[in-house]
Structures are given as structure tokens and as C-alpha cells.
Amino acid sequence: MPSNTGAPSLKQQLMGMLEPGQLMLWSLSRKFNSEQASYDYLGFATDYLRVCKEAVINGEIFAPIFQISKLRDVAFGRFWVEFSSNRPSELTGSSALIPPLLSTSTGIVLDIGPGAGSQMHLLRSKEITSIYGPEPCTTLHPTLRTTAINEGISEKYHILPSGVSAKDLLPALRKTGTGVTDAYEKDTKNGIFDTILCVRVLCSVPELEKTTKELYALLKPGGRLLVTEHVVNRPFDGNGKGSVIGRLTQFIWMWVGWKFLLGDCCLDRDTEGALRGAAGVEGWESFDIERSAEWSAMPYISGTLVKKSL
Ligand SMILES: C[S@@+](CC[C@H](N)C(=O)[O-])C[C@H]1O[C@@H](n2cnc3c(N)ncnc32)[C@H](O)[C@@H]1O
């Protein structure tokens, strides 16, 4: 991962351009298990082929043609569990941005797209009363459940089989029976969440602008949205830090299949612009975002946005 601070060396710059390719290769790769003298399949592509084969064996012979999206979801879930458990434990680059940010979470928390629960250990604070994790990839739910138990937060962590768009999320929240939507349903100005977490997820949600507006509406007045996301490289936005080569490599990685192999992730989203625009004319109380690795194919934004109080 690119480093966040200081001027990058030539080697770091090169690695910063190649990083998405490295992740794609990982997504396609397999590794040799010397103990069992066999191959352990780690890659999304091999998972995908295996999921297709399983569907056919189970009688769903047309599923690989007519249910591509469903099978891809299952394969992505399997890949992400493997990927998350094989991540290096040392926190470098963008990963180092997450702990200080998430440790400020309080109250009722929305943890969007928690994946395999890699951030759950940062959510053990007593200041947090409950957590709702909408994760549409249900293949990840058993791992999420186990992680919540291991971290001692299973009582307050509600895993939701839904995406984050309001039309899916609100019914899923109601279904928990916790009454978390009651005040919002009396008056939407009340909002629902004290803290919303967006960690490497706004790159994958459909309809980014609509989603960020809905998230703004779901925040309580004075509530905070904590964000760490990779974004589009912007070489011409006037701060002189973006990179034309970084932008070009983003374009190439997208073109050679990044989105398909990485669960609909997009490298070229203006997430900062969408978040800024989400508050409409009234604007945020504060919009405290830092950008890092702007010279790479995976520049990051990280920070805290606070909604105005009533
Ligand atoms: C790159 S992973 C990041 C997971 C986790 N936040 C992390 O940092 O390890 C993106 C996650 O977002 C989920 N996701 C994709 N679309 C979503 C949506 N519309 N609503 C909520 N989560 C979504 C994916 O299933 C996946 O688990």
C-alpha cells in the first residue's frame, strides 16, 4: 500500500501505480500448500469457476448464464474471507489511517459493508451502544458472526442482509425489532445514527451520489460520518498533488477487469465530491478530510464529516 506521509521514492511511486494490478493478480492466483502437496485456491477467478461448477452439479445448470451476479457474489465472499485472513498484520499506508478514526465511534453506529469484519476489533468501545452492519454479500455473514463473537460484541452487532440504499436498509433495520428507526419514522429530521463508518465501501455501492445523500439524511443532527476510501486521482484540481500517470493507470486497471474481479469496486470515483454534495446547500458543520498517496493509482481520502445540529 502507498505510504501516507512524505515525498514518495521512485520505487514507492512505481509500486503505487502497480498496486491494483498486484491485487488483481492475487485475485487470480493460487498458492502451493507444501504440507498437503496440493494447491490452495485463493483467487476470485478460481472461486468463481468452482461456484459455477457447484451450481451445475446441484441442478442449476443455467445459473452460470442467467445468475452471473448471484454466483459472482458467492465467489467474492469466499475470496474476501481468504484475502482478509491473508492480509499482513503490519498496518501500513491506507490501513494505518483506519484505527485512529474508528476508535472515535460512539452511540448507534452504521458499519457499511463490513466484509469479513476486519475492523470489528476497533469497535469494542463502551461508548458504542449498538452497531448495524449492512452486508449484501451473505456468504460473508458466517465469518462476520464468528468475528463479532470473538471480539465480544455479538450482543450489540446486528448483521443485516441488505445493501446500504435506504429502500433496502430501512426495512432491514425495522426487522431487527430494536426500534432503532422509531424516532426517524416520527420525524426524519431526527436521523438514526450517531456514527456512520465508510471504510473502502463507497467504491462499490451502486449510485454513489444518491447513497451519500441518503447517508446524510440517516445521520442524527451533530452525527459524524467517518470515512477512509480510495478515490479517483485528480491531476488537474489545482492543488498540484495529483498525478496524470496515476489517473492513466487507474483507467487501465479498470479497463482490464478490476471491477469484475474486485466485487464491483471502482478506482475512479469522486467520493469526496459526492460526500461534499450530500449535505446540499446547508453544508456540513465540518468537513475535515485529508488526502494521501495522491501520486498513486490508489489515492485515499480519510477523515470526519459532522452534520449540523438542529
Ligand atoms: C472492499 S470490501 C471492504 C470491507 C470492509 N469494510 C473492510 O474494510 O475490510 C467492500 C464491502 O462492501 C460490500 N458492499 C458492496 N456493495 C454494498 C452496498 N451496496 N451496501 C453495503 N455494502 C456493500 C461488499 O460486499 C464488501 O464486503
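Each chain has its residues counted from 1, following the order in which its sequence is written. In keeping with the model being predicted, local features are shown solely for residues with a pLDDT of at least 70 and side-chain atom pairs are shown and tallied solely at 80 or more, while totals for entire chains, interfaces and linings include all residues. Excluded from the side-chain calculations are hydrogens and water; all other atoms, namely the structure's heavy atoms, are used.

J.: Please explain the packing of helix H2 (residues 44–57) against helix H4 (residues 68–85) as it appears in this structure.
T.: Between two packed helices, the angle of one axis relative to the other and the distance separating the axes together describe the packing. To get an axis, a line is fitted to the C-alpha atoms, and for a helix only the part in contact is used. The angle between two axes follows their N-to-C directions and goes from 0 to 180 degrees. The way it works is that DSSP assigns letters per residue, a run of H or I at least four long becomes a helix, a run of E at least two long becomes a strand, and they are numbered from the N terminus. Interhelical geometry of H2 versus H4 gives an angle of 130 degrees and a closest axis separation of 8 Å. By the angle between their directions, the pair H2 and H4 is classed as oblique. Crossing of H2 over H4 shows right-handed handedness. Contacts between H2 and H4 pair Phe44, Asp47, Tyr48, Arg50, Val51, Cys52, Glu54 and Ala55 from the former with Ile68, Leu71, Arg72, Val74, Ala75, Phe76, Arg78 and Phe79 from the latter. Just so you know the grouping, Ala, Val, Leu, Ile, Met, Phe, Trp, Tyr, Cys and Pro go in nonpolar, Asp, Glu, Lys and Arg go in charged, and all remaining residues, Gly too, go in polar. The residue inventory of the contact of H2 with H4, partitioned by class, reads 11 nonpolar, no polar and 5 charged. Throughout this description, any angle smaller than 35 degrees is read as roughly parallel, any larger than 145 degrees as roughly antiparallel, any in the 65 to 115 degree range as roughly perpendicular, and the remainder as oblique. Take the far helix as the reference: if the near one is turned anticlockwise from it by less than a right angle, the crossing is left-handed, and if turned clockwise, right-handed. What makes two residues a contact is simply this: any of their non-hydrogen atoms within 4.5 Å.

J.: Where do I start with the domain arrangement of the protein chain in this structure?
T.: How large an interface is tends to be reported as the accessible area lost when its parts come together. An automatic or database domain assignment provides the domain bounds reported here. The domain architecture assigned to the protein chain consists of domain 1 (10–85) and domain 2 (93–306). Computed from C-alpha atoms alone, the centre-to-centre distance between domain 1 and domain 2 is 24 Å. Here domain 1 meets domain 2 over a buried area of about 2000 Å², counting both sides, of which 76% is carbon and sulfur. Here a salt bridge means any side-chain nitrogen of Lys or Arg lying within 4 Å of a carboxyl oxygen belonging to Asp or Glu. For the pair domain 1 and domain 2, the number of links is 1 salt bridge. With a closest N to O distance of 3.0 Å, Arg72 and Asp264 form a salt bridge. What qualifies as a polar contact is a pair of N or O atoms within 3.5 Å, subject to a donor-acceptor requirement within protein and to the restriction that residues adjacent in sequence count only when both atoms come from side chains. On the surface where domain 1 and domain 2 come into contact, there are 4 residue pairs in polar contact (both at pLDDT 80 or more). Among the secondary structure elements, those contributing two or more residues to the side of domain 1 that touches domain 2 are helix H1 (10–28), H2 and H4. Here the side of domain 1 that touches domain 2 gets 12 residues from one element, more than from any other, and that element is H1. The class makeup of the residues in the side of domain 1 that touches domain 2 is 13 nonpolar, 7 polar and 4 charged. Summed over both partners, the accessible surface that disappears when two parts come together, traced with a 1.4 Å probe, is what is meant by buried area.

J.: How do you make sense of unusual backbone geometry when you look at a structure like this?
T.: The bulk of non-glycine residues show a negative phi, and the bulk of peptide bonds are trans. Even without being glycine, Arg200 reaches a positive phi, approximately 50 degrees. With respect to the helices and strands, the residue Arg200 is situated in the loop between strand S6 (193–199) and helix H9 (208–218). Non-glycine residue Ala293 carries a positive phi angle of around 50 degrees. Note that Ala293 resides in the loop between strand S8 (286–292) and strand S9 (300–306). Only protein chains enter the calculation, and the probe is 1.4 Å; a residue is then buried if its accessible area is under 20% of its type maximum, exposed if over 50%, and partly exposed in between. Residue classification places Ala293 among the buried residues on the basis of a relative accessible area of 7%.

J.: What's the story with the site of the ligand in this structure? I'm lost.
T.: Around the ligand there are 22 residues in total, and Gly113, Gln119, Glu135, Val164 and Val199 lie nearest to it. Between the ligand and Gln119, the relevant distance is 2.9 Å, taken from an oxygen atom to a side-chain nitrogen or oxygen of the residue. In this description, accessible areas are obtained by the Shrake-Rupley approach with a 1.4 Å probe, and a residue is regarded as covered only by the protein chains that are shown. Burial of the ligand by the protein chains amounts to 91% of its free accessible area of 590 Å². The residue makeup of the shell around the ligand, split by class, is 13 nonpolar, 6 polar and 3 charged. Throughout this document, a residue counts as near a molecule or strand when at least one of its heavy atoms sits within 4 Å of that molecule or strand.

J.: Help me understand the packing of H1 against helix H10 (residues 244–255) in this model?
T.: Two elements in contact, H1 and H10, have axes separated by 8 Å at closest approach and are oriented at 20 degrees. Relative to H10, H1 is oriented roughly parallel. The element H1 and its partner H10 pack so that their crossing is right-handed. Packed against H1, whose contacting residues are Met17, Leu18, Pro20, Gly21 and Met24, the element H10 presents Ile245, Gly246, Thr249 and Trp253 at the interface. Split into classes, the residues belonging to the contact of H1 with H10 amount to 6 nonpolar, 3 polar and no charged.

J.: Can you walk me through the pattern of salt bridges in this structure?
T.: Pairs can form between side chains of opposite charge once their charged atoms are near each other. The tally for this structure, following the rule as stated, stands at 13 salt bridges. The salt bridge partner of Glu54 is Arg78, with a shortest N-O separation of 2.8 Å. In this pair, Glu54 is assigned in helix H2 and Arg78 in helix H4, connecting sequence segments 24 residues apart. On the accessibility criterion, Arg78 (27% relative accessible area) is partly exposed. The closest approach of N and O atoms between Glu272 and Arg291, which form a salt bridge, is 3.2 Å. Here the residue Glu272 occupies a position in helix H12 (residues 271–278), and Arg291 occupies one in strand S8, the gap between them amounting to 19 residues. A relative accessible area of 10% places Glu272 in the buried class.

J.: Please clarify how a nonpolar patch on the surface should be interpreted in this entry.
T.: To count toward a patch, a residue needs a relative accessible area over 30% and no salt bridge; like charges are then connected within 9 Å, while nonpolar side chains (Val, Leu, Ile, Met, Phe, Trp, Tyr) are connected within 5 Å. A cluster of nonpolar side chains, Val56, Ile61, Phe62, Ile65 and Phe66, forms an exposed patch at the surface whose accessible area comes to about 560 Å². Relative to the assigned elements, Ile65 resides in helix H3 (residues 63–66).

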